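Structural overview
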Amino acid sequence: MRLDKMLAHLNYGSRSEVKKLIRKGFVMVNGEIILDDDYNTKEDDEVTIFGDVVSYEEKLYFMLNKPKNVVSATFDYYDKTVIDFFQGYEKRNLFPVGRLDIDTTGLLLITNDGELAHMLLSPKRHVYKTYKATLDKKFDPKDIIALENGVTLDDGYVTLPARIESFEENIVYISIREGKYHQVKRMFQAFDYEVVELNRESFGPLKLDSNLKLGEYRPLTKEELDLLMKSYENN
Ligand code: URA
């Protein structure tokens, strides 16, 4: 990354202010003064400004269409993880924002931005996630009100109100704001349905890109990232 861009991102000043600091000799890379503001730093370079070491990690944001048989973790002894798809990003500290079950497919946000993940997952700010649940039998609309009011799960926990977005035969689109263990499956279980397929269609303002095949990913667009940041600011 360019030195002036990095320092500006780190709030040492505007792009033109940090260029001046560089030209005045306040910035060193690996112990050498660098006067060239378009100098490109490498991943392992040690950058200092006014003698203080600068730590900078470029933030990355991806949308992955998670397939089955892959765990939502950064490392696993037995199973493939969602991070294993990101070849070439081994040193970038990527991790999944929350979890999908091993047999759940769909939208998973992958980032190295711990602050954003923390905000999105905080119980106070939890954003809505929409799932397409395929049930083992036809959905009975009489269960809508109870699902929307909050369901008592098998361990006594009462879920926050959910939203049934739409349904047809045995397919239900449901939005929830929490992320309890097997939550959607257990919510339907409380009404004697088994969820046979579960796909996450959206996460807050992000919609699963229909061009992504299972196991494929792409960076978030600037618009998507802005919407995501706003989604927790407004919560
Ligand atoms: N609810 C579930 O039951 N499983 C998931 O993977 C996500 C939500």
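Located above this text is the structure these notes cover.
Predicted model, so just to flag it, every value in this text is computed and none were measured. (Residues numbered from 1 in each chain as written. Predicted model: local features only at pLDDT ≥ 70, side-chain atom pairs only at ≥ 80, totals over all residues. Heavy atoms only, no water.)

Some points on the site of the ligand
Let me state the cut-off plainly: Near residues are defined by distance, with any heavy atom within 4 Å of the molecule or strand qualifying the residue. Any pair of nitrogen or oxygen atoms within 3.5 Å is treated as a polar contact; in protein, a donor-acceptor pairing is required on top of that, and neighbouring residues in sequence qualify only through side-chain atoms on both sides. All accessible areas in this document rest on Shrake-Rupley with a 1.4 Å probe, and a residue is counted as covered only by the protein chains that are shown. Both cavities and pockets are sets of points on a 1 Å grid over the protein atoms alone; in a cavity a 1.4 Å probe fits but cannot get out, in a pocket the set is open with protein on both sides within 12 Å along at least five of seven lines, and lining residues sit with an atom within 4 Å of a point. Grid points define the cavity or pocket, and a molecule sits in it when more than half of its atoms lie within 2 Å of them. Strands are runs of DSSP state E lasting at least two residues, helices are runs of H or I lasting at least four, and both sets are numbered from the N terminus onward. Residues are grouped as follows: nonpolar covers Ala, Val, Leu, Ile, Met, Phe, Trp, Tyr, Cys and Pro; charged covers Asp, Glu, Lys and Arg; every other residue, Gly included, is treated as polar.
The ligand sits among L100, D101, T104, Y131, H182, Q183, V184, K185 and L198. A distance of 2.9 Å separates an oxygen atom of the ligand from a polar atom in the side chain of T104. Contact between the ligand and V184: a nitrogen atom at 3.1 Å from a main-chain N or O atom of the residue. Relative to its unbound accessible surface of 240 Å², the ligand loses 96% to contact with the protein. With respect to the detected pockets, the ligand is housed in the largest pocket. A per-element tally of the shell around the ligand places helix α5 (residues 183-189) first, with three residues. Its residues placed into classes, the shell around the ligand shows four nonpolar, three polar and two charged.

Brief notes about the nonpolar core
Spelled out, the test is: Only buried residues count toward a nonpolar core, which is a set of Ala, Val, Leu, Ile, Met, Phe, Trp, Tyr and Cys residues joined through side-chain atoms within 4.5 Å. For every residue, the accessible area obtained with a 1.4 Å probe (protein chains only) is divided by the maximum for its type, and the residue is called buried under 20%, exposed over 50%, and partly exposed between those limits. Residue contacts are counted whenever heavy atoms from the two residues lie within 4.5 Å of one another.
By size, the foremost hydrophobic cluster in this structure holds 31 residues, and its most contacted members are I110, L135, F139, I174, V184, M187 and F188. Elements with a contribution of two residues or more to this core: β5 (61-66), β9 (105-111), β10 (129-135), α4 (144-149), β12 (171-176), α5 and β13 (195-203). M187 has contacts with L147, V151, L153, T159, A162, I174 and I176, leaving out every residue within four places of it along the chain. Core analysis: the second largest hydrophobic core is formed by 15 residues, M63, L120, L220 and L228 among them.

Observations regarding helix α3 (residues 114-121)
What counts, and what does not: The arc in question is traced by the directions running from the helix axis to the C-beta atoms.
Looking at α3, one finds that the buried residues are L116, A117, M119 and L120. Each buried residue of α3 lies within a common arc of 165° when the element is viewed along its axis, so the set occupies one face. Across from the buried face of α3, at angles greater than 90 degrees, the exposed residues are E115 and H118. The backbone nitrogen of E115 has a side-chain oxygen 3.2 Å away, supplied by the residue at the start of α3, namely D113.

Here's the deal with a nonpolar patch on the surface
In plain terms, the rule: Patch membership requires over 30% relative accessible area and the absence of a salt bridge. Like charges are linked within 9 Å, and nonpolar side chains (Val, Leu, Ile, Met, Phe, Trp, Tyr) within 5 Å. Basic side-chain nitrogens of Lys or Arg form a salt bridge, by our definition, when they fall within 4 Å of a carboxyl oxygen of Asp or Glu.
On the surface, a nonpolar cluster with roughly 280 Å² of combined accessible area is contributed by Y12, F26 and F50. By the secondary structure assignment, F26 is in the loop between α2 (15-23) and β1 (27-29).

Things to note about the environment of T81
Structurally, T81 is set in strand β7 (residues 80-81). Remark: the alpha-carbon pair of T81 and K185, spanning 104 residues in sequence, is separated by 22 Å. In this structure, T81 is in contact with V70, V71, A73, T74, F75 and D76, ignoring residues within four places of it in sequence. Separated by 3.5 Å, the side chain of T81 and the backbone oxygen of A73 make a polar contact.

So, the pairing of strand β11 (residues 163-168)
The following threshold applies: Note on pairing: two strands pair once DSSP finds at least 2 bridges between them.
Bridge count between β11 and β12: five bridges; the pairing is antiparallel. Across the sheet, the residue bridging to S166 is Y173, located in β12. If you look at the hairpin formed by β11 and β12, you'll find two residues sitting between the two strands, and E169 has a positive phi there, around 55°.

Re the pattern of salt bridges
Oppositely charged side chains may form a pair once their charged atoms are brought near each other. This structure, assessed with the given rule, holds 18 salt bridges. Of the charged contacts, one joins D45 and K42 as a salt bridge, the two residues approaching to 3.9 Å between their closest N and O atoms. Taking relative accessible area as the criterion, D45 reaches 15% and is therefore assigned buried. R218 is paired through a salt bridge with E224; the nearest N and O atoms lie 2.8 Å apart. Residue E224 is classed as buried on the basis of its relative accessible area of 14%.

A look at the sheet that holds strand β4 (residues 52-54)
Sheet architecture is open: four strands sit in the order β2-β1-β3-β4, paired in antiparallel fashion. Where the open sheet ends on each side, the last strands, each with one partner, are β2 (32-33) and β4.

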